[in-house]
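What follows is the residue order along each chain.
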Amino acid sequence: MRKHFLALAMTLITLGAHSQMYKPWTQGAFETQKYRNVFAEMGYSAQSVDAKVQEVFNDVFHGPNKVYFEVGDSMGYVSDIKNHDARTEGMSYGMMIAVQFDQKDIFDRLWRWSKKYMQHQSGPREGYFAWSCKTDGTRNAEGAASDGELYFITALIFASNRWGNDTGINYKAEAQRILSNIMPREVELPAFGPRGPRQGEATLQKQQAYLIDPENKLITFTPDGFGQRFTDPSYHIPAFYEVWAKWADDGRSDYWLECAEKSRAFMHKACNETTGLNPDMCQYDGSMMQGFGGRRNGGSNFRYDSWRVPMNMALDYEWSCADREWQQQYGEKIQNFFYSQGVNNFVDQYRVDGSLPADDEILQAGGFRKLRHSIGLVATTAAASVMCSHAKSKEFVDALWNAKHEPFDDGYFDAYYDGLLRLFAFMHLSGRYQVIAPK
C-alpha cells in the first residue's frame, strides 16, 4: 500500500512540475525585459543550449554550407543558394540575426550591400528595395517584396538602439528614410499583372504606392498596383510595429500601434479554425484568393511562406503578449494538427483544411516538385511552443534539437530558407531573440 501511495505522490509531483514547465508567460518582453529559455525548461543544460545556438549560427554564417559571403573590405550578402540570388528576405533576416548576436561587422556589410545594389536611391521607387539581385548586384527585378522592408526597418532601429548612430552608419536615419517612403504617394510604375510587369518597363501608369494598405492598415504583398490588392499572412509581425512606435521617432506612433492591432485581428481570420493552417496569400479580410493565388495554382494552400506564421506569432507573444488568449489557442491548434500527421512525418505543404494538395498545386523548390518533411517547418512548429501549455510541445522541441540539416536522399538541400528558419527557431526557444532597447 505504501509503495502505491509513494508512486501516486511522485506522479502528482511530476505532473505539477510538468504543468509549470509548459506554462506560457502572461507578460511580454516590452514590459518585463525577460525571455524564456524553453530548451532549459525542457531539460537541456544551459551550456548545451549556448553551444547548440552558436553551432546553428555558425552553420548559416561560417560553415561549409553557409549562406553568408563577404565582398571586399566592407560588404557582404546572404544568398538563396539554390536560386543563385540574393533576396531582401535573406538580407534583412541576416541583419536581424546580426544585431541580435551583436555582430556589427556582419550587419554593416549586409546593409552596405543592400543599400548599394538593392535600394532605389531616386525615382518612383525611392527608398524601396529590389527584392532579388544576382550575387554580383545586378537586379533580377525592380519591385519590392513588402516583408523585406518590414525587417530592414526593424533591424535598423535595433542597430541604432544597440550601437548608436555615430559609428559610420546613421541607422535611425536610414530606418526613417524607408519609413517616410513607404507612406502612400502617387507614382508612375509599370502596370503589373500576376506574372510581373506587362511589356517590361514600357507600360507605365499612375498609381498609389504604399507598404501598408491605408484602408485596412495591413501590410501589402508587394507595394505596387497589383500586389497591393492582397496580403501574405507570413508578413504579419505585429510586434515590429510596436518597435517602430517606440523608437522610430517618425511622428506616427499611434498609427503604428493601430497597425499592430489590425494585424492581430487579421490573423484571427487568416488561420483555419480547425487546423490553424493559413494560406500562402489571401485577401485583406482573410478570405481565399480567386484566380491568381487561388486554388488553381496552390496560392491558397499552406506552403513555404506560410511556415513562418507559427514563428511570427511566437515572436508577437514573446515581445508583446497583447493577444495571448488567441495565440495560445492558435499555438496548440497548429501543433495538434501537425501532431496528428506525425511529429517526424508531417509534410511541408497542405490545403488549409489539412488535406494534401494535388500534384499541380505543389510549389516546386530547387527544381523539385515534391512534398517533404522540411527542417524549416520543423523549426517553426517548434518555435510555437512558447505559446503552448500541452505536453506535445516538448516533442516538437526535441524534434528540432535532434533534426539534422543535411541533403535529402534525392540530393535536394536548402541551406538558405531552411537554415535561416532553423536559426530563428533556436533563437526563440533559447531566449536569444530579443527586443533591443536603447542603452
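Residues numbered from 1 in each chain as written. Predicted model: local features only at pLDDT ≥ 70, side-chain atom pairs only at ≥ 80, totals over all residues. Heavy atoms only, no water.

(A) Expanded view of the sheet that holds strand S3 (residues 85–87). Taken together, four strands build an open sheet; the order of strands is S1-S2-S3-S4 and the sheet is antiparallel. Strand pairing shows two members of the sheet lacking a second neighbour, strand S1 (68–71) and strand S4 (132–134), which therefore form its edges. Each strand axis lies, on average, 45 degrees off the axis of its neighbour in the sheet, ignoring direction. Where helix H5 (residues 88–100) meets the sheet, it contacts strand S2 (75–80) and S3, and its direction lies at approximately 60 degrees from that of S3. (Pairing = 2+ DSSP bridges. Helix = DSSP H or I, 4+ residues; strand = E, 2+ residues; numbered from the N terminus. Axes fitted to C-alpha atoms, helices over the stretch in contact; angles between N-to-C directions. Contact = heavy atoms within 4.5 Å.)

(B) Looking closely at the confidence of the model for the protein chain. Of the residues in the protein chain, 91% have a pLDDT of 70 or more, and the chain-wide mean is 92. The low-confidence segment residues 1–20, where pLDDT is below 50, has one contact with residues more than four positions distant or belonging to other chains. (pLDDT = per-residue confidence, 0-100.)

(C) Region of the structure containing the pattern of salt bridges. On inspection of all chains with the given rule, the structure shows 24 salt bridges. Here Glu89 ties to Arg308 by a salt bridge, and the two come within 2.8 Å at their closest N and O atoms. In this pair, Glu89 sits in helix H5 while Arg308 sits in helix H11 (residues 308–319), placing the two residues 219 residues apart along the sequence. Glu89 gets classed as buried once you look at its relative accessible area, which sits at 13%. Measuring nitrogen to oxygen at the nearest pair gives 2.6 Å for the salt bridge that ties Arg264 to Glu242. Within this pair, whereas Arg264 is found in helix H10 (residues 253–270), its partner Glu242 is found in helix H9 (residues 238–247), the two being separated by 22 residues in sequence. For the residue pair Arg264 and Glu242, the accessibility class agrees, reading buried in each case. Overlapping salt bridges, with partners in common, bring together Asp80, Lys82, Asp85, Arg87 and Asp414 in one network. (Salt bridge = Lys/Arg side-chain N within 4 Å of Asp/Glu carboxyl O. Buried < 20%, exposed > 50% of the residue type's maximum accessible area, 1.4 Å probe, protein only.)

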